[in-house]
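# Structure assessment
For reference, the chains in residue letters:
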Amino acid sequence: MRGHDFGSRSSPRQRRPPWRPAVALDRRCCNAQVSSGGKPAALDASNGFAVSNIPDEVMGLLGEAAVLVAAYDPGDRLQFANAAFRDAFFIAPDETPLWSEVMRRNHRMGRGTVIRNPDFDAWLTSTLSRRGKAGFRAYETDLADGRWLWMAETVRNDGWMLCVASDITSLKADERSVRQDRDLAIRAAYTDELTGVANRRFVVQQIEKLIGEAPRSGDAIGCVALCDIDHFKAVNDRFGHVV
């Protein structure tokens, strides 16, 4: 979620119940399923991945934890979030929105992640071009209510993403500013200035990382597609590079 979309501490809201019904996560269908008893709906191994048979004590700890915890499916749709995460990003208890929907809605209402780019759609396009592409990344982000979060994202080979965030508001402001400037510089180095999406340097780095990890994991490293649009220069000459 690094696009510098962060927030501030708002007035206390009513505390939600410490735990929501557990959901089963199907990576094939990318939707949440809940059994009639509120427990995870078990899925056959051939149908997809399921969160099941997790002790109630563990689920309770996740629900009551002060840290923000969420899981997104390969389609970038929220499939689990504890109360702290839902409170921070204004997500209803039974809601499973796309990450982009959460960002757009909160930006429109002036809450949630602080986005400093005046062109929200350009920011969203740029951020989506990187989101979920690295196996692990960690960064700082601030919320409109004044809080600062340290967000860590872990992505599995099948596309599922685990997000864990801690409140670091108590850290010195100057220390946070230095780190944020560093993160902005790193992001700029991997961004194409004209289009705002990930540039060649970023793509090459990710390919080298995949190749380096393949011998250790034994898994297929995926594929790379190159697209060449014939006579595209005529479009630039007629309409300009910005278009």
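Use the structure listed above.
Residues numbered from 1 in each chain as written. Predicted model: local features only at pLDDT ≥ 70, side-chain atom pairs only at ≥ 80, totals over all residues. Heavy atoms only, no water.

Tallying secondary structure elements over the chain gives 7 helices and 7 strands in all. Looking at the chain residue by residue over its 243 residues, the buried ones come to 37%. Of all intrachain contacts in the chain linking residues separated by at least 6 positions in sequence, the fraction that spans at least 24 positions is 53%. Accessible surface, the chain: about 14300 Å² in total, of which carbon and sulfur atoms supply 57%. (Helix = DSSP H or I, 4+ residues; strand = E, 2+ residues; numbered from the N terminus. Buried < 20%, exposed > 50% of the residue type's maximum accessible area, 1.4 Å probe, protein only. Contact = heavy atoms within 4.5 Å. Areas by Shrake-Rupley, 256 points an atom, 1.4 Å probe, with all protein chains shown as cover.)

Right, let's talk about the sheet that holds strand E4 (residues 78–81) for a bit. Read from one edge of the open sheet, 5 strands run E4-E3-E7-E6-E5, paired in antiparallel fashion. Strand pairing shows two members of the sheet lacking a second neighbour, E4 and strand E5 (136–142), which therefore form its edges. Here the average twist between neighbouring strands, direction ignored, is 20°. Here 5 bridges tie strand E3 (residues 68–72) to strand E7 (residues 161–167), and the two strands are oriented antiparallel to one another. Opposite Tyr72, over in E7, you have Met161 as the bridge partner. (Pairing = 2+ DSSP bridges. Axes fitted to C-alpha atoms, helices over the stretch in contact; angles between N-to-C directions.)

Let's shift gears to the nonpolar core. Core analysis: the biggest nonpolar cluster contains 25 residues, and Leu68, Tyr72, Leu78, Phe85, Phe89, Met103 and Trp123 have the highest contact counts within it. Only E3, E4, helix H2 (83–89), helix H3 (99–108), helix H4 (120–128), strand E6 (148–155) and E7 provide two or more residues apiece to this core. Broken down by element, this core gets its largest block of residues, 4 residues, from H2. (Core = buried A, V, L, I, M, F, W, Y, C linked by side-chain atoms within 4.5 Å.)

The next point concerns a nonpolar patch on the surface. Taken together, Ile229, Phe232, Val235 and Phe239 make up a surface patch of nonpolar side chains, about 370 Å² in accessible area. By secondary structure assignment, the location of Ile229 is in the loop between helix H6 (200–217) and helix H7 (232–239). (Patch = residues over 30% accessible without salt bridge, like charges linked within 9 Å, V, L, I, M, F, W, Y side chains within 5 Å. Salt bridge = Lys/Arg side-chain N within 4 Å of Asp/Glu carboxyl O.)

On to the packing of aromatic side chains, then. Evaluated as defined, the whole model comprises 3 aromatic pairs. Taken together, a centroid distance of 4.9 Å and an interplanar angle of 45° make the contact between Phe85 and Phe89 tilted. One end of the pair, Phe85, and the other, Phe89, are both in helix H2, 4 residues apart, so they sit about a helical turn from each other. On the basis of relative accessibility, which here comes to 1%, the residue Phe89 falls in the buried class. Ring pairs connect the aromatic residues Trp99, Phe120 and Trp123, which therefore count as one cluster. In this structure, Arg130 is placed above the aromatic ring of Phe202, and the distance from its NZ or CZ to the ring centre is 6.0 Å. (Phe/Tyr/Trp six-rings, centres within 6.5 Å; stacked < 30°, edge-to-face > 60°. Lys NZ or Arg CZ within 6 Å of the ring centre and 35° of its normal.)

With that settled, the discussion passes to the pattern of salt bridges. One pass over the full model with this rule turns up 9 salt bridges. Across the pair Asp121 and Arg104 runs a salt bridge, and its minimum N-O distance is 3.1 Å. Highlighted residues: Asp121 in helix H4 and Arg104 in helix H3, separated in sequence by 17 residues. With a shortest N-O distance of 2.7 Å, Lys233 and Asp237 are connected by a salt bridge. Placement of both Lys233 and Asp237 in helix H7 is noted, with a separation of 4 residues, approximately one turn of the helix.

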